Amino acid sequence: MSKLAAFGGTAAVPRDRRHVDWPLVEDEDRKAVLDALDGARLVSNSDGANPVSTLEERWARRFGHEHCVAVSTGTAALSLALAALGVGPGDEVIVPAMSFIATGLAPVHQMAVPVFADVDPVTFNIDPDDVERRITDRTRAIIPVHLHGAPADMDRITDVARRHGLAVVEDAAQAPGATHRGRPVGSIGEAGAFSLQATKNIPTCGEGGLLVTGDAGLAEAVRKGRQFGEVIEAGRDRDYISYGLGWNHKMNALQAAFTDAQLARFDAYEDMRQRNVAEFLGRLAQLPGLRVPTALPDTTHAWHILRFRFDPAAFGLDGVRPEALRSALRRLLRAEGVPMSQYQLMPLPDQKVFVDRVGFGSGYPWAVTDAPAPVKGEGYPVARAVIADSLTLQKRHLHPGSGELLRLYADAFEKVWAHRDMVATLAGARS
């Protein structure tokens, strides 16, 4: 049995194998950006076809969306969707207690109150039963998140929304290519928001986002909202009239051109990623006390982030706190060269911006509803349990050539599990 790297042994993953580039920047990406730079159509409101409108058309065609609007970020896409749906002061929007902060902030940007619902222990997505429990006469919308690339239970969410007359805006920031019962995520609710930030499965060279919808009127409202409330039409001179409240949430041509080039390679990358991740998770699923992420029946998981949960009892450590086992495994796996990390250190309701109601002016939007402030550390037991007992693997597995690296990662996991006595000692010392 080889000695653990944390105690002087040779690491399972050699240091010269640990660096992985993401995104992959190829010659076609560079050419696309230079062509856009030379093309004199550097903004989305230039007349005629431009890199932004080309990306919108190709994204919609590839993923089966009727309308696609490119914007500055995925967060902007969420906010613009809520604005276009008429969500505003005094309204409530139900969001998952476990997500990136943008999901909770988007309603606040519209002076609406985010209401948090607990999550499912397997998919980590919003729990439809808890959603229904939190609906009030102020509720206007639900934002399900396809967290880590796993589709939320859209059948049950849309059923709840239909019965209560609520809009559904999908946060698909981490899930391009994911499907639910054959339908692409983002197309199931009234609107869907994607992020193109550089860490995403389909990136841009910085920040970017996309809003997709099957509603032509909603798409037009978002187009107006992204540019100061103006109406921009091909062949029509810009009149500089704001017909409604708007922002400056445009995407530029260089970002669009880069993403368009990445989109052209997405299918080849995705095929390799699916094979690599399936092999990796298949090996890890054999280890006791380790729960690997799972693609539920009738769904396609995009595997943006891989989250692993650790069960002390199944590991053979009755009475040890999950946080202690997580901490011990993180130390040992990182020493072996596996960059395990925590992602989301707390549930969204514990974020200071929500606990202290740091919004607009004198506590708005919460002051409109007089809703009680969340109490830090209370409620949302599933989200808290997931955060307490899990670690994530990010970015490295997105590379289509990561198969051999993931096999080394699996070797490292198996090596650590072979030293369960040392894991028990470390975890016991921390409990």
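Looking up the chain in an unreviewed UniProt entry gives the name DegT/DnrJ/EryC1/StrS family aminotransferase, with the organism given as Streptomyces roseicoloratus. If you open the UniProt record of the chain and go to Cofactor (unreviewed entry), you find "pyridoxal 5'-phosphate". Word for word, the UniProt comment on the chain under Sequence similarities (unreviewed entry) is "Belongs to the DegT/DnrJ/EryC1 family. L-glutamine:2-deoxy-scyllo-inosose/scyllo-inosose aminotransferase subfamily."

Colleague: Just to check I follow, could you spell out the state of the cysteines for this structure?
Modeller: Note on terminology: disulfide describes a covalent bond linking the sulfur atoms of two cysteines. Scanning the entire structure with this criterion turns up zero disulfides. Here Cys 68 stays free of any disulfide, with the sulfur of Cys 205 as its closest cysteine sulfur at 17 Å.

Colleague: Help me out: how do you make sense of unusual backbone geometry in this one?
Modeller: The bulk of non-glycine residues show a negative phi, and the bulk of peptide bonds are trans. Cis geometry marks the peptide bond from Trp 22 to Pro 23; its omega dihedral reads 5°. Tracing the backbone shows Pro 23 in the segment before α1 (27–38). Each neighbour pair has its own omega, and for Tyr 364 with Pro 365 the value is 10°, a cis peptide bond. Mapped onto the elements, Pro 365 comes out in the loop between α11 (352–355) and α12 (366–369). With a phi angle near 65°, His 148 is a residue other than glycine that sits in the positive phi range. Positive phi, close to 50°, is recorded for Arg 181, a residue that is not glycine. Locating Arg 181 in the fold gives a position in the loop between β6 (179–180) and β7 (183–184).

Colleague: What am I meant to see in helix α7 (residues 216–226) here?
Modeller: Within an α-helix, residues lying three or four positions from one another point in the same direction, as the helix has 3.6 residues per turn. Restricting attention to buried positions, one finds in α7 the residues Leu 218, Ala 219, Val 222, Gly 225 and Arg 226. On an axial view of α7, the arc spanned by its buried residues comes to 120°, and they lie on one face. In this fold, the buried residues of α7 make contact with α2 (51–63), β1 (67–71), α3 (74–84), β8 (191–195) and β9 (209–213). Between the side-chain oxygen at the start of α7 and the backbone nitrogen of Gly 217 there is a gap of 2.8 Å, and the oxygen is on Asp 215.

Colleague: In this structure, what is going on with the packing of α2 against helix α8 (residues 253–284)? I would like to understand it.
Modeller: Contact geometry for α2 and α8: axes closest at 8 Å, N-to-C directions at 25°. Here α2 lies roughly parallel to α8, going by the angle between them. Where α2 crosses over α8, the handedness of that crossing is left-handed. Side by side, α2 and α8 meet where Pro 51, Val 52, Thr 54, Leu 55, Arg 58, Trp 59, Arg 62 and Phe 63 of the first sit next to Ala 253, Ala 256, Ala 257, Thr 259, Asp 260, Leu 263, Phe 266 and Asp 267 of the second. Each residue belonging to the contact of α2 with α8 can be placed in one class, and the counts come to 10 nonpolar, two polar and four charged.

Colleague: Mind showing me how you'd approach α1 here?
Modeller: Along its 12 residues, α1 runs 16 Å from first to last C-alpha, staying within 8% of the 16 Å computed at 1.5 Å per residue. What α1 keeps buried is the set Asp 29, Val 33 and Ala 36. Seen end-on, α1 carries its buried residues on one side only, within an arc spanning 60°. Residues Asp 27, Lys 31 and Asp 38 are exposed on α1 and point more than 90 degrees away from its buried face. Against the buried residues of α1 lie α2 and α8.

Colleague: In this structure, what is going on with the packing of aromatic side chains? I would like to understand it.
Modeller: How two aromatic rings sit relative to each other is given by the distance of their centres and the angle of their planes. Applying the stated criterion across every chain yields a total of 12 aromatic pairs. Centre to centre, the rings of Phe 315 and Trp 417 are 5.3 Å apart; their planes meet at 75°, and the pair counts as edge-to-face. In this pair, Phe 315 is assigned in helix α9 (residues 312–315) and Trp 417 in helix α14 (residues 403–418), connecting sequence segments 102 residues apart. Across the pair, Trp 417 and Phe 315 agree in class, each one buried. Grouping aromatic residues by their ring pairs yields a cluster made of Phe 280, Phe 308, Phe 310, Phe 315, Tyr 409, Phe 413 and Trp 417. Positioned above the aromatic ring of Phe 315 is the side chain of Arg 420, whose terminal nitrogen or guanidinium carbon lies 5.1 Å from the ring centre.

Colleague: Got a minute to help me understand the packing of α3 against α7 in this structure?
Modeller: A pair of packed helices is captured by two measures, namely the crossing angle of their axes and the spacing between those axes. For the pair α3 and α7, the least separation of the axes is 9 Å and the interaxial angle reads 120°. Of the possible angle classes, the one that applies to α3 and α7 is oblique. In the packing of α3 onto α7, the handedness of the crossing is right-handed. Contacts between α3 and α7 involve Leu 80, Ala 81 and Ala 84 from the former and Leu 218, Ala 221, Val 222, Gly 225 and Arg 226 from the latter.

Colleague: Looking at this structure, I do not really get the pattern of salt bridges. What am I missing?
Modeller: Two side chains with opposite charge may pair up if their charged atoms get near one another. Following the criterion strictly, the structure yields 29 salt bridges and no others. Between Lys 31 and Asp 35 there is a salt bridge, and its shortest N-O distance comes to 2.7 Å. Of this pair, Lys 31 and Asp 35 both sit in helix α1, separated by four residues, roughly a single helical turn. Residue classification places Lys 31 among the exposed positions, given a relative accessible area of 51%. Note that Asp 298 and Arg 181 form a salt bridge whose closest N and O atoms lie 3.2 Å from each other. One end of the pair, Asp 298, is in the loop between β10 (290–291) and β11 (299–300); the other, Arg 181, is in the loop between β6 and β7, and 117 residues separate them in sequence. A single burial state applies to Asp 298 and to Arg 181, both of which are exposed. Overlapping salt bridges, with partners in common, bring together Glu 132, Asp 159, Arg 162 and Arg 163 in one network.

Cut-offs applied
The residue numbering used here restarts from 1 in each chain and proceeds along that chain's sequence as written. Local features in this predicted model are restricted to residues whose pLDDT is 70 or higher, and side-chain atom pairs enter the listing and the counts only when it is 80 or higher, whereas totals over whole chains, interfaces and linings include all residues. To get the side-chain values, all heavy atoms of the structure are used, and hydrogens and water are removed first. UniProt positions are given in the numbering used here, feature names are shortened, and annotations may be inferred rather than shown by experiment. Any two cysteine sulfur atoms within 2.5 Å of one another count as a disulfide. To qualify as a helix, a DSSP run of H or I must reach at least 4 residues; to qualify as a strand, a run of E must reach at least 2; elements of each kind are numbered from the N terminus. For each residue, the accessible area found with a 1.4 Å probe, counting protein chains only, is set against the maximum for its type, and the residue is called buried under 20%, exposed over 50%, and partly exposed in between. Comment: arc refers to directions from the helix axis out to C-beta atoms. Every residue pair with non-hydrogen atoms within 4.5 Å of one another is taken to be in contact. Under the rule applied, a polar contact is a pair of N or O atoms within 3.5 Å (in protein, one hydrogen donor and one hydrogen acceptor; residues adjacent in sequence only if both atoms are side-chain atoms). Geometry is summarised by axes, namely lines fitted to C-alpha atoms with helices restricted to the contacting stretch, and by angles between N-to-C directions that run from 0 to 180 degrees. Here roughly perpendicular refers to angles of 65 to 115 degrees, roughly parallel to angles under 35, roughly antiparallel to angles over 145, and oblique to all remaining angles. What makes a crossing left-handed is the near helix being turned counterclockwise from the far one by less than a right angle; a clockwise turn instead makes it right-handed. Polar here means any residue outside two lists: the nonpolar Ala, Val, Leu, Ile, Met, Phe, Trp, Tyr, Cys and Pro, and the charged Asp, Glu, Lys and Arg; Gly therefore counts as polar. What a helix should span is 1.5 Å times the count of its residues minus one. To pair, rings of Phe, Tyr and Trp, with the six-membered ring standing in for Trp, must have centres within 6.5 Å; the planes then decide the type, stacked if under 30 degrees apart, edge-to-face if over 60, and tilted in the middle. For a lysine, the NZ atom is tested; for an arginine, the CZ atom; a charge sits over a ring if that atom is within 6 Å of the ring centre and within 35 degrees of the ring normal. The salt bridge criterion pairs a side-chain nitrogen of Lys or Arg with a carboxyl oxygen of Asp or Glu, the two atoms within 4 Å.

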